[in-house]
Amino acid sequence: MSDQRDRVAVFLLAENRLLREALVRIFNKKNDIEMVGASGFTPLAVEEIAAASPDVLLMDSFTVELSHLEFIREVQRAVPGLKVVMIGMESEEQTFLQAVRAGAVGYVLKDASAQEVVTGVRAAANGEAVCPPQLCLSLLRYVARQWNQVPSFQVKASLGLTNREQQLVLLIGRGLTNKEIAMQLNLSEQTVRNHVHHMLRKVGASDRLQVVELCRIQGLAV
Amino acid sequence: MSKIQVLVANHPRLMRELVLATIFDQPDIEVMGEIKDDSEITRVVAESEPDFLIIALDQAERRPGICDELLVHYPHMKILALAPERNSSVFFWAVVDIRSKHVESSEEGILNALRGREQVVEQ
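Some details on the pairing of strand 2 (residues 33-39) of chain A
Residues and elements named next belong to chain A.
In step 1: Pairing analysis gives 6 bridges linking strand 1 (residues 8-13) to strand 2, with the strands arranged parallel. Among the inter-strand pairings, Val 10 is bridged to a residue of strand 2, identified as Met 35.
In step 2: In the classification by handedness, the crossover that spans strand 1, the intervening helix 1 (residues 17-28) and the parallel strand 2 is right-handed.

Here you go:
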């Protein structure tokens with residue numbers, strides 16, 4: 001909520017006129033919410049939203065196609081601190097994840113009640129994230145996938161380990177011997193030994209298990 | 001004057017609630033019920049015989065199968081099919097065959113349609 005206002009300023013961007021009109025009427029009945037604008041998507045939408053300077057942008061997922069989720073980033077650049085809450089008209093995981101990646105802090109499913117939309121807007125304005133329970137799992141899985149991804153930029157940046165060396169760390173962490181690693185990666189055992197030796201020197205570790213531990217600390221899911 | 005009796009059965013839930021919020025406090029319209037499960041529509045229509053049934057239009061340009069089924073038995077009833085992603089709704093009614101026209105998906109558009117003053121929109 002902005003300092004100058006004691007009410008949450010909301011801009012509604014929705015293509016469907018009925019959705020827009022009825023939601024505006026519902027929001028207008030709430031004492032703690034002020035509707036500062038409502039429109040369908042136009043090429044001037046970013047400017048219109050910036051001029052209204054809302055705390056929260058509530059938009060439906062039909063308004064901006066997936067390929068145009070850049071719109072969310074654009075509008076957040078134009079209105080610093082803006083919280084975006086999306087009404088997911090499709091319950092697809094992909095739409096939700098793309099919205100989150102683009103910068104939405106809230107996602108309300110089309111099967112939500114109008115009251116849940118209002119609650120979601122209030123929560124976003126208070127700095128909370130809004131995520132339907134059925135999509136929380138998707139989010140957790142997505143984060144885990146990212147976490148497990150090799151190479152890890154964090155490990156590369158902080159320990160200087162190459163992609164290949166990070167692969168080796170994962171295999172060492174699983175308890176594989178140099179010979180087993182060599183077979184798995186189609187390398188000679190001597191090459192693996194050389195990689196391990198270089199890694200130890202790079203990170204200043206005394207043994208291979210210490211390398212694994214250091215990478216784990218840096219976020220590599222070993 | 002008797003009120004216009006409406007049964008609201010569209011989905012998703014958010015759109016259904018917004019439709020209800022739009023028509024609920026209209027003095028000349030009576031909401032006979034809200035149907036959350038499509039499989040209940042036929043039974044509730046048979047029980048309540050509304051003037052209007054509001055349903056969801058799942059596939060654009062394709063008449064929902066339930067229209068054919070219901071309008072044969074209840075030719076006095078009119079059906080308004082709402083598509084959440086579009087700005088027009090389709091209005092179905094039976095004369096000899098089933099006819100349809102597009103009306104605006106707005107509060108005014110829906111209320112006008114229920115009151116028999118629908119304004120047709122071009123597609």
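Brief notes about the sheet that holds strand 4 (residues 83-88) of chain A
All names here are of chain A.
In step 1: Strand order across the open sheet formed by 5 strands is 2-1-3-4-5, with parallel pairing between neighbours. Strand pairing shows two members of the sheet lacking a second neighbour, strand 2 and strand 5 (106-109), which therefore form its edges. Ignoring which end each strand starts from, the neighbouring axes of this sheet average 20° apart.
In step 2: Both strand 4 and strand 5 contribute to a ladder of 4 bridges, which runs parallel. The residue of strand 5 that forms the bridge with Val 85 is Gly 106.
In step 3: Strand contacts of helix 1: strand 1, strand 2, strand 3 (56-60) and strand 4, with the helix running at about 165° to strand 2, the strand carrying the most contacts.

Quick notes on helix 5 (residues 114-125) of chain A
Given 3.6 residues per turn, any residue in an α-helix points the same way as the ones three and four places further on.
In step 1: Under the 1.5 Å per step criterion, the end-to-end length of helix 5 of chain A is 17 Å for 12 residues, consistent within 8% with the ideal 16 Å.
In step 2: Residues of helix 5 of chain A that are buried include every one of Ala114(A), Val117(A), Val118(A), Gly120(A), Val121(A), Ala123(A), Ala124(A) and Ala125(A), and no others.

Description of the interface of chain A and chain B
In step 1: Each partner contributes to the interface: chain A provides 21 residues, whereas chain B provides 22 residues.
In step 2: Of the roughly 1,800 Å² buried where chain A meets chain B, counting both sides, 59% is carbon and sulfur surface.
In step 3: At the junction of chain A with chain B, the criterion picks out 3 salt bridges.
In step 4: Put simply, chain A and chain B have 9 residue pairs in polar contact (both at pLDDT 80 or more) between them.
In step 5: Those elements that place two or more of their residues in the side of chain A that touches chain B are helix 1 and helix 5 of chain A.
In step 6: Counting residues per element, the side of chain A that touches chain B draws most heavily on helix 1 of chain A, at 8 residues.
In step 7: Tallied by class, residues from the side of chain A that touches chain B come to 11 nonpolar, 3 polar and 7 charged.

Overview of the packing of helix 2 (residues 45-52) of chain A against helix 3 (residues 70-78) of chain A
All names here are of chain A.
In step 1: For the pair helix 2 and helix 3, interaxial distance at closest approach is 9 Å and the crossing angle is 35°. For the pair helix 2 and helix 3, the sense of crossing is right-handed. Within the contact between the two elements, helix 2 uses Ala 45, Val 46, Ile 49 and Ala 50 and helix 3 uses Phe 71, Glu 74, Val 75 and Ala 78.
In step 2: Taken together, the residues that form the contact of helix 2 with helix 3 break down as 7 nonpolar, no polar and 1 charged.

A word on the side chain of Asp55(A)
Residues and elements named next belong to chain A.
In step 1: Inspection of the secondary structure assignment puts Asp 55 in the loop between helix 2 and strand 3.
In step 2: Asp 55 gets classed as buried once you look at its relative accessible area, which sits at 10%.
In step 3: Among the polar contacts listed, one links the side chain of Asp 55 to the backbone nitrogen of Ala 9, at a separation of 2.7 Å.

Reading the values: the criteria
- Residues numbered from 1 in each chain as written.
- Chains lettered and ligands numbered in written order.
- Predicted model: local features only at pLDDT ≥ 70, side-chain atom pairs only at ≥ 80, totals over all residues.
- Heavy atoms only, no water.
- Pairing = 2+ DSSP bridges.
- Helix = DSSP H or I, 4+ residues; strand = E, 2+ residues; numbered from the N terminus.
- Right-handed = clockwise from strand over helix to strand, strands pointing away.
- Axes fitted to C-alpha atoms, helices over the stretch in contact; angles between N-to-C directions.
- Contact = heavy atoms within 4.5 Å.
- Expected span 1.5 Å × (residues − 1).
- Buried < 20%, exposed > 50% of the residue type's maximum accessible area, 1.4 Å probe, protein only.
- Buried area = accessible area lost by both parts, 1.4 Å probe.
- Salt bridge = Lys/Arg side-chain N within 4 Å of Asp/Glu carboxyl O.
- Polar contact = N/O pair within 3.5 Å; in protein donor to acceptor, adjacent residues only side chain to side chain.
- Nonpolar A, V, L, I, M, F, W, Y, C, P; charged D, E, K, R; others polar.
- Left-handed = near helix turned anticlockwise from the far one by under 90°.

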